[in-house]
Every structure is written in C-alpha cells, then in structure tokens.
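# Fold and contact review
Each chain, letter by letter, is given below.
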Amino acid sequence: MRISRLKSFLAYGFSLFAVLLALANVFPDAKDGFMRHIPRLTLGLDLKGGSYLLLEVDTAVVKKDKIDALRDDVRSRLREAKLPTAGIIAQADGVIVKARQAEDQPKILKALESLANVSTDPLIGRTTQDAIVQAVGTDAVSIKVTEQGLNAKLSKAVEQSIAIVERRVNELGTVEPTIQRQGTDRILLQVPGLQDPKRLRDLLGQTAKLSFRMVDTTVTDEAIAAGRLPTDYEALPHVDKGLQAGGMMAVQKSALVAGEDLTDAQASFDSRSNEPIVNFKFNTTGARKFGVATEQNVGKPFAIVLDNKIISAPVIREPIRGGSGQISGNFSVQGANDLAILLRAGALPAPLKVLEERTVGPAVGADSIAAGKLASLVAVGLVAAFMLAVYGLFGLFALIALVGNIGLLITGLSFFGATLTLPGIAGIVLTMGMAVDSNVLIYERIREEYKAGRTVISALEAGFERALGTIVDANITTLIAGAVLFFVGSGPVKGFAVTLCLGIITTLFTAYTLTRVIVAHWYKFARPKTLNL
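What you see as residue numbers is a count from 1 along each chain, following the sequence as written. The predicted origin of the model limits local features to residues at a pLDDT of at least 70 and limits the giving and counting of side-chain atom pairs to 80 or more, whereas totals for whole chains, interfaces and linings rest on all residues. Hydrogens are left out, water is left out, and the side-chain values use all remaining heavy atoms of the structure.

## Digging into the sheet that holds strand S3 (residues 85-90)
Basically, it comes down to this: Two strands pair if DSSP finds at least two bridges between them. Secondary structure elements follow DSSP: runs of H or I of four or more residues count as helices, runs of E of two or more count as strands, with numbering from the N terminus. Note on definitions: angles span 0 to 180 degrees between N-to-C directions of axes, and those axes are lines fitted to C-alpha atoms, for helices only across the stretch in contact.
Judged by pairing direction, the sheet is antiparallel, and its four strands sit side by side in the order S3-S4-S8-S7 without closing on themselves. Each edge of the open sheet is held by one strand with a lone partner, namely S3 and strand S7 (131-136). Pairs of neighbouring strands in the sheet enclose a mean axial angle of 15°, with direction left out of account. Across six bridges, S7 lies against strand S8 (residues 140-145) in antiparallel orientation. Bridging across to S8, Ile132 finds its partner in Lys144.

Structural data, given as structure tokens:
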C-alpha cells in the first residue's frame, strides 16, 4: 500500500482534470476565453433532433460512366497505335470495336489487351480483372466490363460521394454530421440540429457537374424541336428566369472549362442591380483556358451548364483573363448560397437517390435527454445507496472513484469527437455498474483476507493484488464483446460499443489505481487497528 508521491499526483490530477473538462458539457453555451478550446460531446439525432436520410448511389449511372470511360480509353489506345476502325460501339456491358479489315483484328486485340487490367493481390493470392478483352468473329474485338471492375468503380464512387456529401453538409454550418456507408451502394446521413430536410435533400439531390460551353445562336427553336443540330452540339433546357421559360438552347457538347477547374465560389450581390450572384475563381489551368476561350468569342453568348441545365447564358463583352467571374440567373439569396456550396464542395460522381427520410423534432430530443438524465440519476442514486449501505466508508471511496471514472469517460468521448446517443447513455449507465462491480470484487476479497486472520494492512494489500486478475479477466471478456459490436454493428450499436469499450478502460484505471491510492492515503492518516468493512 505504499504509493509514491508521483503516482498519487498523477492519479488525483488526471482524474480531477478529466472531471473539470467533462463539466464543460454541463455549460454548452459557455465558449468564451479558454472554454472555447475545450471539446464537447456532440448530441446525436435522437437527442438533439435533426434530419435522417438514407441515400443510394445510382449504379446505372456509375456503370454508364465506366463504359463511357472504357470507350474513350479504347479510342485513345487505337489512335496511339494508328489503327483505323469501322466503328467503336458502346453497349450495355462493354464496348465493341469493328475492324476495317479482318487482318487488323489481331493488332487491335493486342493494342487493347492491357485494358483488362489483371492484377494479383500478393497477400491473399486473389486475381482481379477489370474487363475481358476477346476476339469476336473475324473482324471485331469485345471489351466487356467484369463484375469486379464494376464493383471497384462503384466502391470508389461511394467513397467520393461520402466525402462530397460531408463537405456540402458542413457548409450548411451544422454540427458534425454522421455519415456511414451501408452495404455496397448506400450512404446513411444524420445531421443533428438541422430542421430543414427539404433544403438538405435539394443540396444532395444535385450532382453539381458544372461546365462552360459555347452557344450556337443561329439554331432556331424549330430546328431544335426537329432535332436538326450542328455536329458536336446538343439541345439543353435553360432554367434562368430571365430567359424564356421552358426554352431550349443549342450548346457545344465539349466544355470550354469544367467545374473541376474551380477553386472557390462565394455568394454575393451585384453592385449594379443588387441581385444575388455567385462569384467564382478558376485555378491556373482553368483561368488560362477561360481567358483564351473568351478572347476568341467576344460578342458571343456562352452557357453556364449545371447538371445538363443552363442556369445562365451571358454574352462575352470582353476577354476574361483574371481567372474569375460571376454567375447571375435571378437567384434568391438562399439559391445563390446553395449554388456556391455545391460548386465549392465539388460534383458527385453519380446522382444520389433518397430511399428514406425522417425528421426528428427538438421536442422529441428534449424528451430523450430528460429520460437519459433521469435514468443516469436513478442509477447513480441506487449505486450510491447500495455502496454506502454495504461498505460504509469504503463505499464512499468507490463513489469518489466513480465520479473520476465518469469524468474520464465523458472527456475521452469529447476528445475522440464521439456523438452521444441514447445507446451511448445506456453505455455510460452500464459503465457505472461495472465500475462499482470491480470495487465490490476488491472489497469482498479484502473481507475474506481480513477474516482469515491477516492484519489490516496485509488484508488491504492482498485484496487489491488478488482481485486484480479477476477484474482484468472480467473486463477483457466484456471488451471483446464490445469490439465485436463495434466492427459488426452499425449506427446506434456502434455508439453503444464505443462508450462501453472506453468505459472499460477508464474503469480499470479508477476502480483499481485511483481507489487504491485513496485507500492507501486513508490508511496512512487513519492508522486503523481494525477493519470495519
């Protein structure tokens, strides 16, 4: 029971520091001075209210993009090999290349065989293949996308979508959203505190693929309606309220500059008309291309296209060489802000479909918080009453350690950026019971040793030493169960598992180390002759 001053200082100081940091969650609005640097728990959707969306990546678009990219690769490879063809046809599952002459088929096959992209994982020895390249008949070559290649493309699209969704939601000024991948093509999104699900749905429902294209003003509406368009042009609808409603314009298929070249976009107001606009900036490459394009097309209109809809079609008055410009289109203030958010966050690789939508009101969250507080207070009260009634002064020592335990747990969750949900509160309440359970094991062992004839100091030492193995074994098995819940479960189950596992770690520290330090100091100053335990 001899505890060094350093160990005592660390045990007391660490616990007290954690309790003080945890108290910052009691005053969530106090963020002045040093208080603003203290991390706080983020309340989950079931406590704070907010919006819940289950999204699905459009696999059909991902597959089409995969095949379009494959067709472009085929065209590029054959151009480099200087092999003429009779046609390159995109199909539902791949690309067919028609050779002009039958003797060209082996050459085309050889030029395209690397598109199969065969690779072997050295760790597991599994071979993957993006496409199957094979001869068809005597004058054609088929490049079919494999399921492995499509799944790899889909997985990458989901990962990119998660990153972009997070950027878009964060731009709304909300607290940290919860974004989780579900299955192969679904994304679960929870945004605590957001009570406008329609705006969130509108933000996520747009792919936000931006491009700047030239307009052919010589094409009449009758020609567009009849489908008589120049080569490399297509008809797109415009949504600018300043133009004729529901009209179509002939725009170039190839873009002068794409949205990928944007570096920033901010909502602002036009200095002349005071209307909401969006100011944008290009990177060096985009600025150069935009400057050349505007210099060559002074006096002509160009279309600003967002998701295949023309949102503005201004006329180029003079060359724009500064790498910046503005988008106007009779926007509302919120519309301009939302467009700026979409452009800053970047384009989604594929559209997202909303499969499920729920809104939790703040009143429901307040009821949940009240229920959680009540459950925690009842748990603390019953545990305190039991420990004081059964173990007296030693029960008080256990309660002091319990306060340190909860402080460490809440501080740990705050520093890890965890989101507190109702299952998380259940984990905290369970941690309280587990913490005093470890004290019960120690105290009962001390009782047995004292009744067996040991002295007070000897019984105390033996009780702590011999109960340690049992405490560790019991908590390790629970830690394994918590780890399984974390890796196998999802959503609320993971939140419970995180709280449970962190609670086990803090329990091992407070129930054994902190309690032992407290008991050692009590014995040092009280010097009891008998043990009333």
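There's more to say after this.
## A few points about helix H9 (residues 333-345)
Owing to its 3.6 residues per turn, the α-helix aligns residues three or four sequence positions apart on the same side. Put simply, the test is: Each residue after the first adds 1.5 Å to the expected span of a helix. Type-normalised accessible area, obtained with a 1.4 Å probe on protein chains alone, sets the label of each residue: buried when under 20%, exposed when over 50%, and partly exposed for intermediate values.
In this model H9 runs 18 Å from its N-terminal to its C-terminal C-alpha over 13 residues, within 8% of the 18 Å that 1.5 Å per residue would give. Ala336, Asp338, Leu339, Ala340, Ile341, Leu342, Leu343 and Ala345 are the residues of H9 that are buried. Just downstream of H9 lies Gly346, where phi reads positive at about 100°.

## Digging into the environment of Ala520
Locating Ala520 in the fold gives a position in helix H14 (residues 492-526). Sequence-wise, Ala520 and Val219 are 301 residues apart; in three dimensions their C-alpha atoms are separated by 92 Å.

## As for the sheet that holds strand S9 (residues 178-182)
Selection criterion: We call two residues contacting when some pair of their heavy atoms lies within 4.5 Å.
Spatially, four strands are ordered S9-S10-S2-S20 in an open sheet, and the strand pairing comes out antiparallel. Of all strands in the sheet, those bounded by a partner on one side alone are S9 and strand S20 (352-360). Neighbour to neighbour, the strand axes of the sheet diverge by 15° on average, direction disregarded. In the sheet, strand S2 (residues 50-57) pairs with strand S10 (residues 186-192) via seven bridges, with the strands oriented antiparallel. Across the sheet, residue Ser51 finds its bridge partner in S10, namely Val191. Most of the contacts of helix H5 (residues 147-171) go to S9, to which it runs at about 165°, and overall it touches S2, S9, S10 and S20.

## Considerations on the nonpolar core
Defined as follows: In this text, buried Ala, Val, Leu, Ile, Met, Phe, Trp, Tyr and Cys residues form a nonpolar core when linked through side-chain atoms within 4.5 Å.
If you look at the biggest cluster of nonpolar residues, it comprises 49 residues, and the most contacted ones within it are Leu189, Leu200, Phe212, Ile327 and Leu343. Leave out the neighbours within four places in its chain, and Ile327 touches Ile277, Val278, Phe280, Ile304, Ile311, Ser312, Leu339 and Leu343. Counting residues in each nonpolar core, the second largest holds 46 residues, with Ala22, Val440, Val519 and Tyr523 among its members.

## Topic: the confidence of the model for the chain
Quick reminder of the rule: For every residue, the predictor reports its confidence as pLDDT, a number between 0 and 100.
For the chain, per-residue confidence averages 83 on the pLDDT scale, and residues scoring 70 or more make up 93% of the total. In the model of the chain, strand S5 (residues 119-120) stands out as the element of lowest mean pLDDT, 60, in contrast to helix H11 (residues 393-415), which has the highest, 91.

## Some words on a positive patch on the surface
The criterion, for reference: Think of a patch as exposed residues, more than 30% relative accessible area, with no salt bridge, where like charges cluster within 9 Å and nonpolar side chains (Val, Leu, Ile, Met, Phe, Trp, Tyr) cluster within 5 Å. Areas reported here follow the Shrake-Rupley algorithm with a probe of radius 1.4 Å; residue values treat only the protein chains shown as occluding. Think of a salt bridge as a Lys or Arg side-chain nitrogen and an Asp or Glu carboxyl oxygen that are within 4 Å of each other. Positive charges come from Lys and Arg alone, negative charges from Asp and Glu alone, with His and the N- and C-terminal ends not counted. Lys charges are placed at NZ, Arg charges at CZ, Asp charges at CG and Glu charges at CD.
A cluster of like positive charges, contributed by Arg5, Lys524, Arg527 and Lys529, occupies part of the molecular surface. Position of Lys529 among the secondary structure elements: in the segment after H14. On the basis of relative accessibility, which here comes to 77%, the residue Lys529 falls in the exposed class.

## What about the side chain of Thr431?
Note the cut-off: N or O atoms closer than or at 3.5 Å make up a polar contact, with two conditions inside protein: a donor-capable atom paired with an acceptor-capable one, and, for residues adjacent in sequence, both atoms drawn from side chains.
Secondary-structure assignment places Thr431 in helix H12 (residues 422-451). For Thr431, a relative accessible area of 1% translates into the label buried. A polar contact is formed between the side chain of Thr431 and the backbone oxygen of Gly427, at a distance of 2.8 Å. Contacts of Thr431, omitting those with residues within four sequence positions, involve Asn405, Leu409, Thr499, Gly503 and Thr507.

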